[in-house]
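One-letter residues, chain by chain:
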Amino acid sequence: MPRLTAAQALVRLLAIEQVPFAFGIVGGKLAPLMHALSQQEAVRFVGVRHEATAPMMAAAVHAGSGRMAVALGEMGPGGLNLASGMGVAFNNNLPLLAITTNQHRAAAYPHSGMFMDLDTQAVFAPLTRWNAVVHDPRRLPELVRRAFREALSGRLGPVHLDIPQDVLSAATDYPDDEFELPPSRYRAVLGPRPAAESVAQAAALLRGAQRPLVVAGGGVVASGAVEALRAIAARLGAPVVPTQMALGVIASDSPHFIGHGGLIAGEAIRCAFEQADVVLSVGCRFSSWMWDARGPFARRSHRTISINIDPGALGHPALHEVAMQADARPALEDLLAALATAPPTNAQASGWLAGIRELRAHYEEGLNAMARDASEPTMHPAALAKAIADALPAGALAVFDGGHTTFWSNDFTPVDAVRTRFHEPGMSHLGFGLPYAMSLQLQQPDKAVLNITGDGSFGFTLNELDTARRAGLPVVSIIHNNAAWGIIRQGQKAQLGFEFATGLEGTDYAAIARGFGCFGETVTRADEVAPALARALASGLPSVLDCRTRFVPHPAAPAFGSMNRFGFEAFMPLPAPG
């Protein structure tokens, strides 16, 4: 029987699950775990400068590769700092394992009043699918396995174990075969298929559809259902709306593409929902990115087919006519098989897809007209977004950070595959971009990785430039710098006719980058973007391009405002026409 500390046993259990990284800050009570990590190479530790970054980077591991990573937090403030980043994982259904330490068992649960006391289990409860305190090192294997089971079953999400310091360091004899059990022995590794009756009902609806619309969410990516989704769209002759968690499910040059991200993608999305007679929703939660003042774009009048592995997402917030509690991939494969015997023809003959595509083309013409704005002294955000898109190296990965800035990135940045473009729609946590980009660079070191962000959002995590330099991660942060909390300033003026505390003038982000030992350059014209990006990539260093823009409201701003009015207007009578 091997005799190991709980920390050593923990690292072995992580290796069984092929966890590639642990992110965090070294801490005194974490010393046994740091020692165990230093003794092996399977799980790489990456030290960050603020604990909130750790779960953001761990979440990006699953977003980028489908694997799970670990976020570490010291007791007390270390765990409290983790909570901010845990929201990113929880609200976007991205699984990770958070591990915190705590006072020794004689002084914790209930806590006795020592410095740094914190009921970390209570703090993390609303931010996790499941969490627990490890009171006995002998139970560690059982609880770690349950953590992975809870994180990766049904609706995905983060989990948490709080391990008191004396438990981490306790030496225990473990059974000889304790670290030989594969994941398939203690958790499901394949998702459920749908009921045959539901497949038949859905196929019948789709065969009769004149104007079918496909909505693809993050569940399509998580289940590996991209090819099946594209085949369904082709079979139906249907436009496809990918959510912000499913960018690349349909390539931006596909004949089925009408915009991605929901309401921020223009009029074609709204009209597609308004005119659709059957909506096929796959792995989508219908978050408020696809709402207006009356709620989800999928109305009660729609004949909606909803496929979701999470039973809680079936019927809420959008009602359905057919529900399938199933993994996206087997559900779509079964649906394709059912449609093969009697393929639908109504939509192909009606010109439905061509009409919606025409609306998208008109929207893109307007965007390109804005991108040609060459007025000075600062760039139009559309001109900058277009210049970035044109300068992207082949195969580059891009993260869209910031508030209003992400709207422009979403419109202009081309995408042809999943796990190459990344939003954070669930929590919309400003500053997630640099941690995400660093994590993606760790996973794919041979690719260019860009963090396209706003100046306000970049300020949240710019300290991680130090992490990027130390870890040798040459990510490029391209800042839309309008020297303000631009969308907040606009809202203040529009709502109450005032402006207060929205200025961010005077900061030289390129100089800050150089102070961290990174590459930094200021860009003032759109035609300077491509050569500046080339110099940044050639430097081999983490880089910042401080691009001076002005604030211009995005065309989707009114739709975003309508969504924000939900609850004030949702149950009120609509105004009379005219």
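All figures in this text were calculated on a predicted structure; none of them were measured in a lab.

Participant: I keep staring at the pairing of strand β14 (residues 303–308) and nothing clicks. Help me out?
Facilitator: Every other side chain in a regular strand lies on the same face of the sheet, so the side chains alternate between the two faces. With five of its six residues buried, β14 lies for the most part within the structure. Here five bridges tie strand β11 (residues 278–282) to β14, and the two strands are oriented parallel to one another. Each bridged residue has a counterpart across the sheet, and for Val 278 the counterpart in β14 is Arg 303. Relative to strand β15 (residues 322–325), β14 runs parallel, the two being bridged by four bridges. Paired with Ile 307 across the strands is Met 324, a residue of β15.

Participant: Sorry, what's going on with a nonpolar patch on the surface here?
Facilitator: Side chains of Leu 496, Phe 498 and Phe 500 sit close together on the surface and give an oily, nonpolar patch of about 360 Å² of accessible area. Positionally, Leu 496 belongs in helix α20 (residues 486–496).

Participant: Any chance you could explain the nonpolar core here in plain terms?
Facilitator: One recurring pattern in soluble globular proteins is that nonpolar side chains are buried together. Among the nonpolar cores identified, the biggest contains 46 residues, and Phe 23, Leu 96, Tyr 436 and Phe 458 are the most heavily contacted of them. Looking at this core, the elements that each hand over two or more residues are β2 (21–24), α3 (53–65), α4 (77–91), β16 (397–400), α17 (433–443), α19 (465–470) and α21 (509–515). Of the residues forming this core, the biggest block, eight residues, is contributed by α3.

Participant: Looking at this structure, I do not really get the packing of helix α8 (residues 196–207) against helix α12 (residues 328–340). What am I missing?
Facilitator: How two helices sit against one another is set out by the angle between their axes and by the gap between those axes. Taken N-terminus to C-terminus, the directions of α8 and α12 make an angle of 55°; their axes are 9 Å apart at the nearest point. Classified by the angle their axes make, α8 and α12 are oblique. The two elements α8 and α12 cross, and the hand of that crossing is right-handed. Between α8 and α12, the residues in contact are Val 199, Ala 202, Ala 203, Leu 206 and Arg 207 and Asp 334, Leu 335, Ala 338 and Leu 339, respectively. Tallied by class, the residues present in the contact of α8 with α12 amount to seven nonpolar, no polar and two charged.

Participant: It is not clear to me how the sheet that holds β14 should be interpreted in this structure. Could you clarify?
Facilitator: One key point about sheets: their strands pair by backbone hydrogen bonds, in either a parallel or an antiparallel sense. The strand order across the open sheet built from five strands is β10-β9-β11-β14-β15, with neighbouring strands paired in parallel fashion. Two strands lie at the open edges of the sheet, namely β10 (240–242) and β15, each paired on one side alone. Direction aside, neighbouring strands of the sheet carry axes that sit 10° apart on average.

Participant: What is the right way to read the sheet that holds strand β6 (residues 130–133) from this model?
Facilitator: The six strands are arranged β3-β2-β4-β5-β7-β6 in an open sheet whose pairing can be described as parallel. Two strands close off the open sheet at either side, each with one partner strand: β3 (44–47) and β6. Going across the sheet, the axis of each strand differs from the next one's by a mean of 20°, ignoring polarity. In terms of strand pairing, strand β5 (residues 97–102) meets strand β7 (residues 159–164) through six bridges, oriented parallel. Looking at the pairing, Thr 101 lines up with Ile 163 of β7. In the packing of helix α2 (residues 31–38) onto the sheet, contacts are made with β2, β3, β4 (70–73) and β5, and the angle to β4 comes to roughly 140°. Contacting β5, β6 and β7, helix α6 (residues 140–151) crosses the sheet at an angle of about 160° to β7.

Cut-off values and rules
- Chains are numbered independently. Their residues run from 1 in the order of the written sequence.
- With pLDDT at 70 or above as the cut-off, local features in this predicted model cover only qualifying residues; side-chain atom pairs require 80 or more to be listed or tallied, and sums for whole chains, interfaces and linings still use all residues.
- Hydrogen atoms and water are omitted, and side-chain values are computed over all heavy atoms in the structure.
- Here the term buried applies to any residue with accessible area under 20% of the maximum for its type, exposed to any over 50%, and partly exposed to those in between, with areas from a 1.4 Å probe on protein chains only.
- Under the DSSP-based scheme used, a helix requires at least four consecutive residues in state H or I and a strand at least two consecutive residues in state E, with every element numbered from the N terminus.
- Two strands pair under a simple rule: DSSP has to find at least two bridges between them.
- Put simply, a patch holds well-exposed residues, over 30% relative accessible area, that have no salt bridge, with like charges counted together within 9 Å and Val, Leu, Ile, Met, Phe, Trp or Tyr side chains within 5 Å.
- Per-residue accessibility takes into account occlusion by the displayed protein chains alone, with areas from the Shrake-Rupley method and a 1.4 Å probe.
- A pair is scored as a salt bridge if a Lys or Arg side-chain nitrogen falls within 4 Å of a carboxyl oxygen belonging to Asp or Glu.
- Put simply, a nonpolar core is a bunch of buried Ala, Val, Leu, Ile, Met, Phe, Trp, Tyr and Cys residues held in one set by side-chain atoms that sit within 4.5 Å of each other.
- Helix axes use the C-alpha atoms of the stretch in contact, all axes being lines fitted to C-alpha atoms, and the angles between their N-to-C directions lie in the range 0 to 180 degrees.
- Orientation is classified from the angle alone, with under 35 degrees giving roughly parallel, over 145 giving roughly antiparallel, 65 to 115 giving roughly perpendicular, and any other angle giving oblique.
- By the definition used in this description, the sense in which the near helix is turned from the far one sets the handedness, with an anticlockwise turn below a right angle giving left-handed and a clockwise turn giving right-handed.
- Contact criterion: two residues are considered in contact whenever any of their non-hydrogen atoms come within 4.5 Å of each other.
- For this classification, the nonpolar set comprises Ala, Val, Leu, Ile, Met, Phe, Trp, Tyr, Cys and Pro, the charged set comprises Asp, Glu, Lys and Arg, and every other residue, Gly included, is treated as polar.

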